[in-house]
Amino acid sequence: MAPHTIAVAGKGGVGKTTTCGMIIDYLCAKKNGPVLVVDADANSNLNEVLGVEAETTLGQIREEMAQAELKGTIPKGMTKADYAEMKFSTALIEDDDFDMLVMGRTQGKGCYCYVNGVLQAQVAKYLPNYSYVVMDNEAGLEHIARGTLPHVDTMLLISDCSRRGVQAVARIAEMIGEMNLNPGQMGLIINRAPEGKLDDGIKAEIEKHGLKLFGVLPHDEAVYRCDCDGSPSAKLPESDPMKAALRGIMQSIGL
(Lines give C-alpha, C1' and ligand atoms only; values in the text may rest on other atoms or scores of the structure.)
Protein backbone atom coordinates (compact mmCIF):
# COMPACT_ATOMS: atom_id res chain seq x y z
CA MET A 1 0.00 0.00 0.00
CA ALA A 2 1.09 3.57 -0.66
CA PRO A 3 2.00 5.54 2.46
CA HIS A 4 -0.26 8.24 3.86
CA THR A 5 1.46 11.49 2.95
CA ILE A 6 1.18 14.58 5.15
CA ALA A 7 2.45 17.99 4.09
CA VAL A 8 2.84 20.84 6.57
CA ALA A 9 3.00 24.46 5.39
CA GLY A 10 2.87 27.96 6.82
CA LYS A 11 4.88 31.14 6.97
CA GLY A 12 7.98 31.36 9.10
CA GLY A 13 7.78 32.02 12.81
CA VAL A 14 4.35 30.54 13.51
CA GLY A 15 5.57 27.29 15.09
CA LYS A 16 5.16 25.21 11.94
CA THR A 17 8.27 23.10 12.47
CA THR A 18 7.51 22.56 16.16
CA THR A 19 4.02 21.38 15.25
CA CYS A 20 5.44 19.16 12.52
CA GLY A 21 7.83 17.56 15.02
CA MET A 22 4.99 16.75 17.39
CA ILE A 23 2.96 15.25 14.52
CA ILE A 24 5.90 12.96 13.74
CA ASP A 25 6.22 11.97 17.40
CA TYR A 26 2.48 11.20 17.49
CA LEU A 27 2.68 8.98 14.40
CA CYS A 28 5.72 7.13 15.74
CA ALA A 29 3.99 6.52 19.07
CA LYS A 30 1.08 4.82 17.26
CA LYS A 31 3.45 2.05 16.10
CA ASN A 32 1.51 1.63 12.86
CA GLY A 33 4.61 1.43 10.74
CA PRO A 34 7.73 3.37 9.87
CA VAL A 35 7.68 7.11 9.17
CA LEU A 36 9.74 8.95 6.56
CA VAL A 37 10.40 12.59 7.42
CA VAL A 38 11.34 15.01 4.64
CA ASP A 39 12.62 18.41 5.75
CA ALA A 40 12.09 20.37 2.54
CA ASP A 41 12.59 23.79 4.13
CA ALA A 42 15.88 25.33 2.96
CA ASN A 43 16.19 26.83 6.45
CA SER A 44 16.03 23.35 7.92
CA ASN A 45 15.88 22.77 11.69
CA LEU A 46 13.29 20.03 12.04
CA ASN A 47 16.06 17.68 13.15
CA GLU A 48 16.62 19.87 16.23
CA VAL A 49 12.92 19.66 17.15
CA LEU A 50 13.15 15.87 16.82
CA GLY A 51 16.47 15.57 18.65
CA VAL A 52 18.56 14.02 15.86
CA GLU A 53 21.77 15.10 14.15
CA ALA A 54 21.66 16.09 10.49
CA GLU A 55 25.27 15.68 9.46
CA THR A 56 24.58 15.50 5.74
CA THR A 57 21.98 17.34 3.67
CA LEU A 58 21.06 16.93 0.02
CA GLY A 59 22.14 20.51 -0.60
CA GLN A 60 25.63 19.83 0.78
CA ILE A 61 25.97 16.72 -1.36
CA ARG A 62 24.84 18.66 -4.41
CA GLU A 63 27.70 21.10 -3.84
CA GLU A 64 30.20 18.26 -3.33
CA MET A 65 29.05 16.67 -6.56
CA ALA A 66 29.31 19.93 -8.48
CA GLN A 67 32.89 20.39 -7.25
CA ALA A 68 33.80 16.79 -8.06
CA GLU A 69 32.50 17.20 -11.60
CA LEU A 70 34.31 20.52 -12.00
CA LYS A 71 37.63 19.14 -10.74
CA GLY A 72 37.27 15.78 -12.45
CA THR A 73 37.45 13.84 -9.19
CA ILE A 74 34.44 11.56 -9.78
CA PRO A 75 35.89 8.05 -9.30
CA LYS A 76 36.95 6.34 -12.50
CA GLY A 77 34.51 3.76 -13.76
CA MET A 78 31.53 5.59 -12.20
CA THR A 79 28.99 7.59 -14.16
CA LYS A 80 27.67 10.85 -12.73
CA ALA A 81 24.38 9.06 -12.01
CA ASP A 82 26.15 6.25 -10.14
CA TYR A 83 28.18 8.74 -8.15
CA ALA A 84 25.04 10.72 -7.30
CA GLU A 85 23.24 7.57 -6.13
CA MET A 86 26.17 6.61 -3.92
CA LYS A 87 26.46 10.08 -2.38
CA PHE A 88 22.76 10.66 -1.81
CA SER A 89 22.30 7.27 -0.16
CA THR A 90 24.38 8.65 2.73
CA ALA A 91 21.86 11.43 3.35
CA LEU A 92 19.20 9.19 4.92
CA ILE A 93 19.19 9.69 8.70
CA GLU A 94 17.99 6.55 10.46
CA ASP A 95 16.44 6.85 13.91
CA ASP A 96 14.67 4.20 15.99
CA ASP A 97 11.16 5.27 14.96
CA PHE A 98 11.65 7.26 11.75
CA ASP A 99 14.03 7.97 8.91
CA MET A 100 14.76 11.47 7.65
CA LEU A 101 15.95 13.30 4.55
CA VAL A 102 17.06 16.91 4.94
CA MET A 103 17.00 19.20 1.92
CA GLY A 104 19.36 21.81 3.32
CA ARG A 105 20.41 24.79 1.28
CA THR A 106 22.59 25.28 -1.76
CA GLN A 107 25.84 26.98 -0.77
CA GLY A 108 26.88 28.27 -4.17
CA LYS A 109 25.19 30.15 -6.97
CA GLY A 110 22.49 28.61 -9.11
CA CYS A 111 19.02 27.21 -8.69
CA TYR A 112 17.74 24.23 -6.75
CA CYS A 113 16.50 22.43 -9.86
CA TYR A 114 19.03 19.61 -9.82
CA VAL A 115 18.90 18.85 -6.10
CA ASN A 116 15.10 19.12 -6.17
CA GLY A 117 15.07 16.47 -8.87
CA VAL A 118 17.34 14.25 -6.81
CA LEU A 119 15.13 14.69 -3.75
CA GLN A 120 12.13 13.66 -5.84
CA ALA A 121 13.96 10.55 -7.04
CA GLN A 122 15.13 9.64 -3.53
CA VAL A 123 11.65 10.03 -2.02
CA ALA A 124 10.12 7.93 -4.82
CA LYS A 125 12.66 5.20 -4.12
CA TYR A 126 11.97 5.13 -0.39
CA LEU A 127 8.17 5.60 -0.39
CA PRO A 128 7.14 1.91 -0.59
CA ASN A 129 9.01 1.19 2.66
CA TYR A 130 6.93 3.50 4.87
CA SER A 131 3.44 3.80 6.31
CA TYR A 132 3.62 7.59 6.61
CA VAL A 133 5.55 10.36 4.91
CA VAL A 134 5.65 13.78 6.58
CA MET A 135 7.05 16.77 4.67
CA ASP A 136 7.84 20.11 6.31
CA ASN A 137 7.69 22.79 3.60
CA GLU A 138 8.57 26.37 3.01
CA ALA A 139 5.59 28.66 2.64
CA GLY A 140 6.14 28.67 -1.12
CA LEU A 141 5.36 24.94 -1.44
CA GLU A 142 8.11 24.64 -4.04
CA HIS A 143 8.72 20.96 -3.45
CA ILE A 144 5.06 20.01 -3.61
CA ALA A 145 4.67 22.03 -6.80
CA ARG A 146 7.64 20.18 -8.29
CA GLY A 147 6.01 16.83 -7.53
CA THR A 148 8.42 15.69 -4.80
CA LEU A 149 5.43 13.96 -3.23
CA PRO A 150 3.31 12.17 -5.83
CA HIS A 151 0.13 12.98 -3.91
CA VAL A 152 -0.71 14.70 -0.64
CA ASP A 153 -3.31 12.89 1.45
CA THR A 154 -3.43 15.44 4.28
CA MET A 155 -2.40 19.09 3.92
CA LEU A 156 -1.98 20.91 7.23
CA LEU A 157 -1.82 24.71 7.15
CA ILE A 158 -0.21 26.10 10.32
CA SER A 159 -0.74 29.65 11.56
CA ASP A 160 -0.36 31.54 14.79
CA CYS A 161 -3.43 33.29 16.21
CA SER A 162 -2.96 36.51 14.26
CA ARG A 163 -4.84 38.00 11.32
CA ARG A 164 -1.63 38.17 9.26
CA GLY A 165 -0.92 34.52 9.96
CA VAL A 166 -4.39 33.47 8.82
CA GLN A 167 -4.09 35.66 5.72
CA ALA A 168 -0.75 34.00 4.91
CA VAL A 169 -2.15 30.47 5.03
CA ALA A 170 -5.16 31.62 3.02
CA ARG A 171 -2.73 32.60 0.24
CA ILE A 172 -1.07 29.18 0.52
CA ALA A 173 -4.51 27.55 0.22
CA GLU A 174 -5.11 29.59 -2.94
CA MET A 175 -1.78 28.38 -4.36
CA ILE A 176 -2.76 24.78 -3.65
CA GLY A 177 -5.97 25.29 -5.60
CA GLU A 178 -4.19 27.02 -8.49
CA MET A 179 -1.71 24.14 -8.74
CA ASN A 180 -4.54 21.57 -8.74
CA LEU A 181 -2.82 19.58 -6.01
CA ASN A 182 -6.18 18.24 -4.74
CA PRO A 183 -5.07 16.90 -1.34
CA GLY A 184 -7.33 14.28 0.21
CA GLN A 185 -8.10 16.67 3.06
CA MET A 186 -6.83 20.13 3.95
CA GLY A 187 -7.33 22.20 7.05
CA LEU A 188 -5.96 24.86 9.34
CA ILE A 189 -4.34 24.41 12.74
CA ILE A 190 -4.00 27.58 14.82
CA ASN A 191 -0.98 27.58 17.11
CA ARG A 192 -0.08 29.58 20.24
CA ALA A 193 -3.62 30.58 21.16
CA PRO A 194 -3.89 32.00 24.71
CA GLU A 195 -5.52 29.26 26.81
CA GLY A 196 -6.25 27.43 23.56
CA LYS A 197 -9.07 29.82 22.64
CA LEU A 198 -9.60 31.95 19.54
CA ASP A 199 -10.55 35.60 19.49
CA ASP A 200 -13.80 36.36 17.66
CA GLY A 201 -11.88 38.49 15.17
CA ILE A 202 -9.64 35.56 14.25
CA LYS A 203 -12.65 33.28 13.89
CA ALA A 204 -14.18 35.82 11.51
CA GLU A 205 -10.94 36.00 9.50
CA ILE A 206 -10.85 32.21 9.14
CA GLU A 207 -14.46 32.18 7.93
CA LYS A 208 -13.80 35.08 5.57
CA HIS A 209 -11.19 33.05 3.71
CA GLY A 210 -13.22 29.86 3.69
CA LEU A 211 -10.61 27.89 5.62
CA LYS A 212 -11.54 24.67 7.37
CA LEU A 213 -10.39 24.78 10.99
CA PHE A 214 -9.03 21.43 12.15
CA GLY A 215 -8.22 22.68 15.65
CA VAL A 216 -6.43 25.04 18.01
CA LEU A 217 -3.19 24.56 19.95
CA PRO A 218 -2.55 26.50 23.15
CA HIS A 219 0.41 28.70 23.91
CA ASP A 220 2.80 26.35 25.69
CA GLU A 221 5.46 27.57 28.10
CA ALA A 222 7.29 24.23 27.96
CA VAL A 223 7.69 24.53 24.17
CA TYR A 224 9.08 28.04 24.65
CA ARG A 225 11.59 26.70 27.20
CA CYS A 226 12.67 23.99 24.73
CA ASP A 227 13.30 26.65 22.10
CA CYS A 228 15.36 28.67 24.55
CA ASP A 229 17.37 25.67 25.79
CA GLY A 230 17.82 23.99 22.42
CA SER A 231 16.12 20.80 23.59
CA PRO A 232 13.78 18.75 21.37
CA SER A 233 10.19 19.88 21.94
CA ALA A 234 8.90 16.73 20.21
CA LYS A 235 10.15 14.77 23.23
CA LEU A 236 7.96 16.61 25.75
CA PRO A 237 5.74 14.28 27.82
CA GLU A 238 2.37 13.21 26.45
CA SER A 239 0.67 15.29 29.14
CA ASP A 240 2.11 18.49 27.68
CA PRO A 241 -0.81 20.82 26.76
CA MET A 242 0.24 21.35 23.14
CA LYS A 243 0.93 17.64 22.56
CA ALA A 244 -2.41 16.68 24.13
CA ALA A 245 -4.31 19.18 21.98
CA LEU A 246 -2.52 18.09 18.83
CA ARG A 247 -3.22 14.42 19.61
CA GLY A 248 -6.93 15.24 19.74
CA ILE A 249 -6.77 17.06 16.40
CA MET A 250 -4.92 14.21 14.72
CA GLN A 251 -7.44 11.68 15.96
CA SER A 252 -10.35 13.86 14.84
CA ILE A 253 -9.07 13.95 11.24
CA GLY A 254 -8.51 10.19 11.12
CA LEU A 255 -4.76 9.97 11.73
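Before any of the text, the structure's been laid out above.
Residues numbered from 1 in each chain as written. Predicted model: local features only at pLDDT ≥ 70, side-chain atom pairs only at ≥ 80, totals over all residues. Heavy atoms only, no water.

Student: With reference to specific residues and values, describe the overall build of the protein.
Tutor: Scanning the protein for helices and strands turns up ten helices and eight strands. When burial is assessed residue by residue, the protein has 49% of its 255 residues classed as buried. Residue pairs in contact within the protein that sit at least 24 positions apart in sequence constitute 77% of those at least 6 positions apart. If you sum the accessible surface of the protein, you get close to 12000 Å²; carbon and sulfur atoms cover 49% of it. (Helix = DSSP H or I, 4+ residues; strand = E, 2+ residues; numbered from the N terminus. Buried < 20%, exposed > 50% of the residue type's maximum accessible area, 1.4 Å probe, protein only. Contact = heavy atoms within 4.5 Å. Areas by Shrake-Rupley, 256 points an atom, 1.4 Å probe, with all protein chains shown as cover.)

Student: Which residues make up helix H3 (residues 58-71), and what values do they have?
Tutor: Every α-helix winds through 3.6 residues per turn, so residues three or four apart in the chain are directed the same way. Here H3 spans 20 Å end to end across 14 residues, near enough to the 20 Å set by a 1.5 Å rise per residue. Positive backbone phi, at 70°, marks Gly72, one or two positions downstream of H3. (Expected span 1.5 Å × (residues − 1).)

Student: Describe the nonpolar core, and please don't skip the residues or the numbers.
Tutor: Grouped together as the largest cluster of nonpolar side chains are 37 residues, with contacts concentrated most on Ile24, Leu27, Leu50, Phe98, Met100 and Leu156. Considering each element in turn, this core owes the most residues, seven residues, to helix H1 (residues 16-30). Dropping the residues within four chain positions of it, Leu156 is found in contact with Ile6, Ala7, Val8, Ala9, Ile23, Gly187, Ile189, Phe214 and Ile253. Counting residues in each nonpolar core, the second largest holds 19 residues, with Ala40, Leu101, Leu127 and Val133 among its members. (Core = buried A, V, L, I, M, F, W, Y, C linked by side-chain atoms within 4.5 Å.)

Student: Could you give me a rundown of the pairing of strand S1 (residues 4-9), with the residues and numbers involved?
Tutor: A large share of S1 lies buried, amounting to five of its six residues. As defined by bridge partners, S1 adjoins strand S5 (residues 132-136) across five bridges and the pair is classed as parallel. Note on S5: the bridge partner recorded for His4 is Tyr132. (Pairing = 2+ DSSP bridges.)

Student: Provide a residue-level description of helix H4 (residues 80-88), including the pertinent values.
Tutor: When H4 is considered as a whole, its buried residues turn out to be Tyr83, Ala84 and Phe88. In a view along the axis of H4, the buried residues occupy a sector of 120°, so they form one face of it. The opening residue of H4, the one whose side-chain oxygen lies 3.0 Å from the backbone nitrogen of Asp82, is Thr79. (Arc of directions from axis to C-beta. Polar contact = N/O pair within 3.5 Å; in protein donor to acceptor, adjacent residues only side chain to side chain.)

Student: Can you lay out the pattern of salt bridges for me, pointing to particular residues and giving the numbers?
Tutor: Considering all chains together, one arrives at seven salt bridges under this definition. Ionic pairing is found between Lys31 and Asp97, a salt bridge with its closest N-O pair at 3.5 Å. Taken together, the residues Lys31 in the loop between H1 and strand S2 (35-39) and Asp97 in the loop between strand S3 (93-94) and strand S4 (98-102) connect sequence positions 66 residues apart. What makes Lys31 exposed here is its relative accessible area of 62%. A relative accessible area of 34% places Asp97 in the partly exposed class. With a shortest N-O distance of 3.6 Å, Asp229 and Arg225 are connected by a salt bridge. Of the two residues, Asp229 and Arg225 both sit in helix H9 (residues 221-229), four residues apart, roughly one turn of that helix. The class for Asp229 is exposed, based on a relative accessible area of 55%. (Salt bridge = Lys/Arg side-chain N within 4 Å of Asp/Glu carboxyl O.)

Student: Quick rundown of the packing of H1 against helix H10 (residues 241-252)? Include the residues and the values.
Tutor: One way to put it is that H1 packs onto H10 with a least axis distance of 10 Å and a crossing angle of 65°. On the basis of their axis angle, the class for H1 and H10 is roughly perpendicular. The handedness of the crossing between H1 and H10 comes out as right-handed. Of the residues in H10, those in contact with Thr18, Thr19, Met22, Ile23, Asp25, Tyr26 and Leu27 of H1 are Met242, Lys243, Leu246, Arg247, Met250 and Gln251. Residue composition of the contact of H1 with H10, grouped by class: seven nonpolar, three polar and three charged. (Axes fitted to C-alpha atoms, helices over the stretch in contact; angles between N-to-C directions. Parallel < 35°, antiparallel > 145°, perpendicular 65-115°, else oblique. Left-handed = near helix turned anticlockwise from the far one by under 90°. Nonpolar A, V, L, I, M, F, W, Y, C, P; charged D, E, K, R; others polar.)

Taken by themselves, the reported measurements are silent on function.
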